[in-house]
Amino acid sequence: MRIAVDSNVLIDEENRDADVLDALSVIRKRIARVQFFATETVTQELAWLSANGATKLRRSLATGALMRLLSRGYTPLAMSPVERGIAGEIGLKLRMKNIIPHDEENDAALLAEAALKGCEILLTSDQHLLDANKDAEKFWSVLKDSDVQAHQIIIARPREIVRSFSLSR
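The model shown is predicted, which means the values in this text are computed figures rather than measured ones.

Trainee: So what exactly am I meant to see when it comes to the overall build of the chain here?
Mentor: Scanning the chain from N- to C-terminus turns up nine helices and five strands. Taken from N to C terminus, the helices and strands of the chain fall in the order β-α-α-β-α-α-β-α-α-β-α-α-β-α. For 169 residues, the compact-globule formula gives about 15 Å, and the C-alpha radius of gyration of the chain, at 15 Å, lands near that figure. Oriented by its inertia axes, the alpha-carbon framework of the chain measures out at about 45 × 40 × 25 Å. Here the chain holds 169 residues, and the buried ones make up 46% of them. Intrachain contacts of the chain at a sequence separation of at least 6 include 74% that bridge at least 24 residues. By element, 50% of the accessible surface of the chain is carried by carbon and sulfur atoms, the whole surface being about 8,800 Å². For the chain, the distance from the average site of its 23 positive side-chain charges to the average site of its 24 negative ones is 6 Å.

Trainee: What exactly am I supposed to notice about helix H8 (residues 136–145) here?
Mentor: Along an α-helix, a turn takes 3.6 residues, which lines up residues three or four apart on a common side. Of all the residues in H8, the buried ones are Ala 136, Phe 139, Trp 140, Val 142 and Leu 143. One face of H8 carries all of its buried residues, which in axial projection span an arc of 155°. Exposed residues on H8 whose side chains face more than 90 degrees from its buried face are Glu 137, Lys 144 and Asp 145. Where H8 is buried, its residues touch helix H5 (81–96), helix H6 (105–116), helix H7 (127–133) and strand E5 (154–156). Looking at the residues trailing H8, positive phi occurs at Asp 147, about 60°.

Trainee: Is there a simple way to think about the environment of Leu 21 in this case?
Mentor: Residue position: Leu 21 is located in helix H2 (residues 18–30). For Leu 21 and Arg 159, which are 138 residues apart along the polypeptide, the C-alpha to C-alpha distance reads 9.8 Å. In this structure Leu 21 touches Glu 13 and Arg 16, once residues within four positions along its chain are discounted.

Trainee: Honestly, the packing of aromatic side chains in this entry has me stumped. Any pointers?
Mentor: Think of a pair of aromatic rings as described by two things: how far the centres are apart, and how the planes are tilted against each other in angle. If you walk through the whole model with that rule in mind, you get two aromatic pairs. Relative to Tyr 74, the ring of Phe 36 has its centre 5.8 Å away and its plane inclined at 70°; by these criteria the two rings are edge-to-face. Within this pair, whereas Phe 36 is found in strand E2 (residues 35–38), its partner Tyr 74 is found in strand E3 (residues 74–76), the two being separated by 38 residues in sequence. For the residue pair Phe 36 and Tyr 74, the accessibility class agrees, reading buried in each case. Each ring, one from Phe 139 and one from Trp 140, has its centre 6.2 Å from the other, and the planes form 70°; the classification is edge-to-face. What makes Trp 140 buried here is its relative accessible area of 15%.

Trainee: Just to check I follow, could you spell out the layout of surface pockets for this structure?
Mentor: Regions of empty space are outlined by a rolling probe, equal in size to a water molecule, passed over the atoms. Approximately 210 Å³ is the volume attributed to the largest pocket. Secondary-structure elements contributing two or more residues to the lining of the largest pocket are helix H1 (7–14), helix H3 (40–52) and H6. Looking at the lining of the largest pocket, the element that brings in the most residues is H3, giving three residues. Partitioning the lining of the largest pocket into residue classes produces two nonpolar, three polar and five charged.

Reading the values: the criteria
- Numbering of residues starts from 1 in each chain and follows the order in which that chain's sequence is written.
- Only residues with pLDDT of at least 70 get local features here, since the model is predicted, and only at 80 or more are side-chain atom pairs given and counted; chain-wide, interface and lining totals rely on the full set of residues.
- Think of the side-chain values as coming from all heavy atoms in the structure, minus any hydrogens and water.
- Secondary structure elements are taken from DSSP: a helix is a run of H or I of four residues or more, a strand is a run of E of two residues or more, and numbering for both begins at the N terminus.
- Our radius of gyration looks at C-alpha atoms and nothing else; its globule reference is 2.2 Å times the residue count to the power 0.38.
- Burial here depends on accessible area, computed with a 1.4 Å probe over protein chains only, as a share of the maximum for the residue type. Under 20% is buried, over 50% is exposed, and the range in between is partly exposed.
- Contacts: residue pairs with any heavy atoms within 4.5 Å of one another.
- For the area figures, the Shrake-Rupley method with a 1.4 Å probe applies, and any residue is considered shielded solely by the protein chains shown.
- Residues scored as charged are limited to Lys and Arg (positive) and Asp and Glu (negative), so that His and the chain ends carry no count.
- Charge coordinates come from a single atom per side chain, which is NZ of Lys, CZ of Arg, CG of Asp or CD of Glu.
- Directions from the helix axis toward the C-beta atoms define the arc.
- Between the rings of Phe, Tyr and Trp (Trp by its six-membered ring), a pair exists once the centres lie within 6.5 Å; its type follows the angle of the planes, with under 30 degrees stacked, over 60 edge-to-face, and the other angles tilted.
- A cavity, in this analysis, means grid points on a 1 Å lattice covering only the protein atoms where a 1.4 Å probe fits yet has no way out; a pocket is instead an open set bounded by protein on both sides within 12 Å along at least five of seven lines, and a residue lines either one if it has an atom within 4 Å of a point.
- Grid points are joined across faces, edges and corners, and a volume is the space filled by probe spheres set on the points.
- As a working rule, the residues Ala, Val, Leu, Ile, Met, Phe, Trp, Tyr, Cys and Pro are called nonpolar, Asp, Glu, Lys and Arg charged, and the rest polar, with Gly in that last group.

Put into structure tokens, the structure is as follows:
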């Protein structure tokens, strides 16, 4: 299973957030052959936050998350120029259809990149992305119309993952 993580999840992991740590632990224990990915948008956000975060703590957490990305088992997803173009078009469609707010370009890009690269779950605590999941059929249709194979990507909050996987056997 391929799981993409949002920058907020990586920052929360760096900050030792219990929900994120529990979710990652549960996923690793319960899902065979799980792979975690950070899209280009996520790595770029971390780099930007490490230099420009609003507080010293935020900059430090972003820097730590970026520095420990590989050692924590995340694979950065590189995209070809063609894939970047396709992801940009998908992101624009998501924003034009108000699935993601128009000014949330990075959120739309993250979702498009994760789906385009075959991720089945996007782990995030970003409310704009979680709101898109409330009408999953709507954003799935955009991905399907764009010929994205993983068009049924699920957007999940770390706490939801813990509840779902911990209770099921």
